[in-house]
Each structure stands twice: as C-alpha cells, then as structure tokens.
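Here is what each chain is made of, one letter per residue.
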Amino acid sequence: MTEQFENIPKDLTALPQWVLRKGKMPINPHNGYGAKAGDPSTWGTLNQCGSALMQQDCKYDGLGFEFNDNGIVGVDLDHVLNDLGIPTTEALDIIKRLDSYTEISPSGTGLHIFVYGDIPQNRKSPEKGIELYKNKRYFTMTGNVFGELKPIQHREEGIMALYDELFQQSPAAVESVQTSIPLTNRTPQEIHSIIQRSNQSEKFYNYYHGQNISNDESSNDMGFCNLLAFWTGKDAALMDAIFRESALMRDKWDRKESTWGTYGNRTIQKAIAECSNVYDPAGYNVAVTEFGTEVVTVKGQQTLPKPKVINMVSMADAEEKEPDWLIKGYMPKYQITTMAGDGGSGKTTVWCALAAAVSSGKKPFLLAGDPLLPLFTGEPQTVAFFSAEDSFEHTLKRRLRKNGANLDNIFSIDIADDNFKDIKFNSPFLQAVIEKYRPALVIFDPIQAFIPPELRMAERNAMRSCLAPLVGYGEKYGTTFLIIVHSNKQGSVWGRKRIADSADIWDISRSVIMAGETQEKPVRYLSHEKSNYSMTSNTVLYTIDDEVVTFQSYTEKKDRDFITAETQTRAAPDRDSAKDFILDYLEDGEKEVKELDSMAGAMSISKKTMERAKADLKKLGLIKYRTESLGDKKGTKHFLSLAGLALMPTK
C-alpha cells in the first residue's frame, strides 16, 4: 500500500512530534537511534523525517506520530477491515460517532482515528482490539484515508463517552482507588501546613487563589488536582474538600457525568491514576526541598523548613571492595582513564581496538600476553564514542569492523549533527545520553572538543571541575571513560608533564597510558604511567597493520626510557657534525675556546652539543687544552688545538 502523506491534517504536520519507523520501532530522525515515548528530544518535524525517507539509501519503512498529552487522542482499531476493506459493525459505529480524521494502518486491516479531547489515561481492551492513547505512545502513519477526508474534530464528550463504555469501573473499584494511600485522616489545615514548608507552595497557592494561572479552566482544575493527589496521598475525599475551598470551585465541578458521577470526581480520579508517587510523612526530605537556613515566605507568614538530616558512615561498618576493572590492570571501571600521545602515534586505532573488544566481549589486545587469561570470554557490552577528528562513516566504522567489533553495540553522534556541539563534559545533554544508553565505555577524542569554550585548560583546577561530573556518572550509570589527549611536544619530559595543556587531566585520571613509537619501526608502545588501584602494568608493544592492532610483547621499559633513547638518537648526528666542525676549525692552528664556541653558535650548534663533542674528541686524544694566565686579577684564557695523534674520529 502506497502512503499518501499529503492527506495528513495540518493539525498534525505542524507539530514536532514525528519519528521515523523501522518495522514497528520508532526511530529518532536526528541520529537514527531509537526514539523514546514521552521524550520530545528524540522526535522531530515532519520535514526532517520526510527528508530522511527521500534519501536513496533510506533504511526506514515510514513515519510515526508521537502523542504528547496536548489535547489529541488516538483511537486504534485492530483487525477491523476485511479483504474488501469493509469494517466490522462495531468499528463502523465508532467511526460514525467520532466522525473525524481516519486513516488505514500499514497492515491494511486496522484503522487510526484522531480527535480533539481528553481521557483519564491510556487504556487498551485486548478482547475488543481497541486502544485509546493520549501520551507516551505513537501511531504509524500512512495518510491512506478511510472514507471521506476530514479534519481532526473536537469530540471531547464523544471520546469520553467511548472511554466510559469500554473501561467501566464498578463503584467498589473507584472506591478502592480513592482510598489507596490515606494519610491517617489528615485535615485540609494539616495539608496546608505541610505544603507551606515545601518548594511547591507558590505553585499550590497560585491554583488555590486562582492567580497567575492559565485561562484554560479545565487545565487549571487538572493541575491543581495533580498536586493534591501527591500531597494527600491520593485521598479523593480530602482532595475534594480542599478543591471546594479554592477559587477554582464552580458549578461545573458537580456536573453529572456517566460512570464517574460528576466532572469533579472524574478529574480527581484521573489525577489519582496518573500520580506515581506520593508525599511520605515519614520521609520529610523526600518531598520537601532542603533550603538550608533560607526562610520561605508564604502569604505573609514565615516558616522555617525542617533541617537537613546528616548521616555519616562509620568506617567499622563500611564495606571493603576490591578494584573492579573494565580491562584488567589498565582501565578501572567507573573511572577516567587518559591515553596521551603525539599525533600519528596510533591513538585512534588503539581506542577502536579497545572499543571493539568491549563491544564483542573478546580479549583486549592489552591482555593478549597474559598467560592467566588464555580462555578469556567477556560479556559483550555497549560502547559510545564521540570523535571530533575522524568521521565514523569514512574511517572509524572501518577500523572498528576490522578489529572485530560488534557494531550493534557501538553508538555515536555524527560530528555534522547539531547535537554534537552540546556534548560537553559538564553538559546535561551528555548526562541524558549516558542515562539513556548506559554504555560500559565512553570515549572522547580529543579532549579539547568536549570542554566548554570559556574554560581555560591551563588554569589551575579548571579541568578538575570540568571532568568531575564524569566521576559521578561512572558510579551512577556504570560507565567507564577513556579520554584521548595530545602529549607535550617538549623534549626530555615525562610523567605528568607529558600531558599537554593541563596537568589536572593527569591528576583526576585514575589511570594514564602514554602512546608512542619505539626506535624499532614499526613497533609502537603503550606505557602504563599511572594507576590508583594497583601497580602500573607492563608496557605493551604492538604493531598496526592494515588498521588492525596486533600484540607483540610486554616490556618493563616505560615512556621515559623510550623518550630518552629517542632524544639520544636524534642528538647523535648533531654531535658528529660538531666534531667535524671542531677538527676543521683547528686545522689552522690553536684557537681560543671562546672564539671557537662563538663561531659554533653562529652555525646553530648548541652549547650542550659542543661540550659533548669536545669531551668525545678529548677522550679520543684528538684535541688538547692549554690555559694562559693574564696576570693578577685578570683571569685566564683557554685555548684548544689538535693533539696531533693518529687516531681519527669514528663517523
């Protein structure tokens, strides 16, 4: 059946409540992940979804509309059309009664009806195959109209009457809801006293006195009853008594209705049905904001809140726990691990290999040489990464695949996505992503892309406060973090000075790994430089061949050893050049050392290199020194000349 989206009413197309669908699964049009009922951040506009459907490589099956409790109710009639498209008698009766926009579902056997109105809550009648939704659900959309094309009609009474007929409650059932969690027969005055000391006092008294509220009377009634349901413990009689005292009370409250008795009772029962949590007198601070010493003013009265309860834990009662590892010895769970290295040292391919191992449950290459883990089999886990340097379409997906990743377990947000700029270490958006997907590992590459623009990395403790939220997320959501940073390009430094931009990164990390290249190309190294939970592990030697990381061996050498060796290797050719210069310069005879050094400086030979070159030549017996006194208090002069021996320097 071909969709005819142009038939969908503008009342729906104008709302940003659209998702893509793959089968029956709703898809977020912004990133291609699953959309979430009740979460508008995972929905989009019809244009955004339509654009995705028009792509040549489109992998989606169609569109869906999310209900969001904004006055639109959907009626889902399952399996009501026969092979000729004729509805059942009961379905036809509902279609005629509601007389609103109706379309055929993707299966070709069901109908979706949209009306303006409200119902107490989402309900489903499996035996009749009828569902009524107003929020936290979505309808697949086709635009294939059943019967005459009609706009969405206001059917407030009609939809409520249908709801009452389908889901009638006995008086006993209503009564059991009314008294579900009574608060020991509290009076309206006691409820007022409790609310006055809460953070909801202003909102409550705005409703109570009918001030600073909307012009929608029914919406105000519902909002006030929602508050009353929480504070009275869903006590319907107490809710009714307080409502009748308020400025919202009017004749409509006692208007007769079917099943529910009155409009007021229906509003109360709806609030009770939607209330998932109530005020607990035994746990004052659960419901009441802790203001410290701040005084809250309510209607001219000053009341002090109950002091915050402080409970400290005795170390005699504290539980001792062994460190838990995501990758044994190298990456502690729920903490921050930092990996640093120069550009081109293979950091990206390394983290792709680590992500692949976590996603698949296979042994990470870091542990390939551990004889105690010959049969390592881990549980495949979810991984999220955010890369500001490489495209996952052109580079990262390929590297992950080649290193054996389970791609179904790895998620990311494209750098071209508008949401990417909101990924900062201290942003609510990042927390929302982690809370939704609960990844075992999150990777950030490089660190500079995920700090707030106003933060100065070199400022003392700036990075500590910026990265601190990750530590909280780790314990709360079971997530471990790997942060990729650049190393300091300054020669002959190691330890915490090797971290570029800020030593705070080293300090807040529980584990630090340095990446680099050995002198034996193409072998590279990962040196474990810091560990808060154990001794540092062995340095891993590995190679990268066709973007695949291969373990070679372990070594006890550390980052400092490799840097020192590299520095000495780079210095050797310079020293040989300095030796040749000295020997050539002295061929004309003895020269004052000061003159020799001055000429070397003009040729960009460093003082340190000259000193080492002269020491080598003297050791070989090729040059000799002479000192000449200049008389009392005039000092001395130092001269250098060829020694005249047969030994020649090794070049």
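Just so it is clear, the structure is predicted and the values come from calculations on it, not from any experiment.

J.: Can you lay out the overall build of the protein for me, pointing to particular residues and giving the numbers?
T.: Of regular secondary structure, the protein possesses 19 helices and 28 strands. Relative to its 651 residues, the protein shows a buried fraction of 47%. Here the analysis covers contacts within the protein between residues at least 6 apart in sequence; of these, 66% occur between residues at least 24 apart. As displayed, the protein has an accessible area near 34,000 Å², and 49% of this comes from carbon and sulfur atoms.

J.: Could you give an account of the packing of aromatic side chains, naming the residues involved and the relevant values?
T.: One pass over the structure, following the stated rule, counts 32 aromatic pairs. A centroid spacing of 5.5 Å and a plane angle of 90° characterise the contact between Phe 65 and Phe 67, whose relative ring orientation is edge-to-face. Like Phe 67, Phe 65 is buried. Centre to centre, the rings of Phe 67 and Phe 114 are 5.8 Å apart; their planes meet at 25°, and the pair counts as stacked. Residue Phe 67 is located in strand 3 (residues 62-68), and its partner Phe 114 is located in strand 6 (residues 111-116); the two are separated by 47 residues in the primary sequence. Of the two residues, Phe 67 and Phe 114, neither departs from the other in class, the shared state being buried. Following the ring pairs from residue to residue traces out a cluster consisting of Phe 204, Tyr 205, Tyr 207, Tyr 208, Phe 224, Phe 243, Trp 253 and Tyr 263. Against the face of Tyr 585 rests Lys 591, its NZ or CZ located 5.5 Å from the ring centre.

J.: Summarise the pattern of salt bridges; cite the residues concerned and give the values.
T.: For the structure shown, the criterion picks out 26 salt bridges. Here Arg 244 and Asp 254 are joined by a salt bridge, their closest N and O atoms 2.7 Å apart. Pair noted here: Arg 244 is in helix 9 (residues 236-245) and Asp 254 is in the loop between helix 9 and strand 11 (256-257), with a separation of 10 residues, a long-range link. Its relative accessible area of 38% is what places Arg 244 among the partly exposed residues. Relative accessible area serves as the criterion here: at 36%, Asp 254 is assigned to the partly exposed category. Two residues, Arg 498 and Asp 559, come together in a salt bridge whose shortest N-O distance is 2.7 Å. In this pair, Arg 498 is assigned in the loop between strand 21 (480-486) and helix 16 (504-508) and Asp 559 in helix 17 (residues 559-585), connecting sequence segments 61 residues apart. Considered together, Arg 498 and Asp 559 belong to a single accessibility category, that of buried residues. Salt bridges sharing partners connect three or more residues here, namely Asp 69, Asp 118, Lys 134, Lys 270 and Glu 274.

J.: Could you give me a rundown of helix 15 (residues 462-477), with the residues and numbers involved?
T.: Along its length, helix 15 reaches its greatest deviation from straightness, about 30°, at Ala 468, and the proline Pro 469 lies no more than four positions downstream. Within helix 15, burial applies to Ala 462, Met 463, Cys 466, Leu 467, Leu 470, Tyr 473, Gly 474 and Tyr 477.

J.: Lay out the packing of helix 18 (residues 593-602) against helix 19 (residues 607-619) in plain terms, naming residues and giving numbers.
T.: It is the contact of helix 18 with helix 19, at a shortest axis distance of 10 Å, that shows an interaxial angle of 125°. In terms of axis orientation, helix 18 runs oblique to helix 19. In the packing of helix 18 onto helix 19, the handedness of the crossing is right-handed. Taken together, the residues of helix 19 that come into contact with helix 18 (itself represented by Val 593, Leu 596, Asp 597 and Ala 600) are Met 610, Glu 611 and Lys 614. Of the residues assigned to the contact of helix 18 with helix 19, the class counts are four nonpolar, no polar and three charged.

J.: Got a sec to walk through the pairing of strand 9 (residues 135-141)? Specific residues and values, please.
T.: Along strand 9, five of the seven residues are buried, which leaves the element largely enclosed by surrounding structure. In this sheet, strand 9 lies alongside strand 3 in antiparallel orientation, the contact comprising five bridges. Counterpart to Phe 65 in the pairing with strand 9 is Phe 139.

J.: So what's going on with the side chain of Thr 348? Residues and values would help.
T.: Tracing the chain through its elements places Thr 348 in helix 12 (residues 347-360). Among the polar contacts listed, one links the side chain of Thr 348 to the side chain of Asp 445, at a separation of 3.4 Å. Not counting residues within four places of it along the chain, the set of residues in contact with Thr 348 comprises Asp 390, Leu 396, Arg 399 and Asp 445.

J.: Help me get a handle on unusual backbone geometry, residues and values and all.
T.: Leaving glycine aside, a negative phi is the common case for residues, and trans is the common case for peptide bonds. In the segment running from Asp 445 into Pro 446, the intervening peptide bond is cis, with an omega of -10°. Considering the arrangement of structural elements, one finds Pro 446 in the loop between strand 20 (441-445) and helix 15. The peptide bond linking Lys 521 to Pro 522 adopts the cis configuration, its omega dihedral lying at 5°. You can see Pro 522 is positioned in the loop between strand 22 (511-517) and strand 23 (524-531). Even without being a glycine, His 79 presents a positive backbone phi close to 50°. Within the secondary structure, His 79 is located in the loop between strand 4 (72-77) and helix 3 (89-98). A positive phi angle, close to 70°, is found at Glu 547, a residue other than glycine. In this fold, Glu 547 is placed in the loop between strand 24 (539-545) and strand 25 (548-555).

J.: Lay out the pairing of strand 17 (residues 336-341) in plain terms, naming residues and giving numbers.
T.: In terms of residue burial, strand 17 counts as a mostly covered element, since six of its six residues are buried. Residues Ile 336, Thr 338 and Ala 340 line one face of strand 17 and the alternating positions Thr 337, Met 339 and Gly 341 line the opposite face, and both faces are buried. Bridging between strand 17 and strand 21 involves six bridges; their strand directions are parallel. By the bridge assignment for strand 21, Thr 337 is matched with Leu 482. Where strand 17 lies against strand 22, five bridges are found, and the strand directions are parallel. Among the inter-strand pairings, Thr 337 is bridged to a residue of strand 22, identified as Ser 511.

Rules behind the numbers
Residues numbered from 1 in each chain as written. Predicted model: local features only at pLDDT ≥ 70, side-chain atom pairs only at ≥ 80, totals over all residues. Heavy atoms only, no water. Helix = DSSP H or I, 4+ residues; strand = E, 2+ residues; numbered from the N terminus. Buried < 20%, exposed > 50% of the residue type's maximum accessible area, 1.4 Å probe, protein only. Contact = heavy atoms within 4.5 Å. Areas by Shrake-Rupley, 256 points an atom, 1.4 Å probe, with all protein chains shown as cover. Phe/Tyr/Trp six-rings, centres within 6.5 Å; stacked < 30°, edge-to-face > 60°. Lys NZ or Arg CZ within 6 Å of the ring centre and 35° of its normal. Salt bridge = Lys/Arg side-chain N within 4 Å of Asp/Glu carboxyl O. Bend = angle between axes of the 7 residues up to and from the residue. Axes fitted to C-alpha atoms, helices over the stretch in contact; angles between N-to-C directions. Parallel < 35°, antiparallel > 145°, perpendicular 65-115°, else oblique. Left-handed = near helix turned anticlockwise from the far one by under 90°. Nonpolar A, V, L, I, M, F, W, Y, C, P; charged D, E, K, R; others polar. Pairing = 2+ DSSP bridges. Polar contact = N/O pair within 3.5 Å; in protein donor to acceptor, adjacent residues only side chain to side chain.

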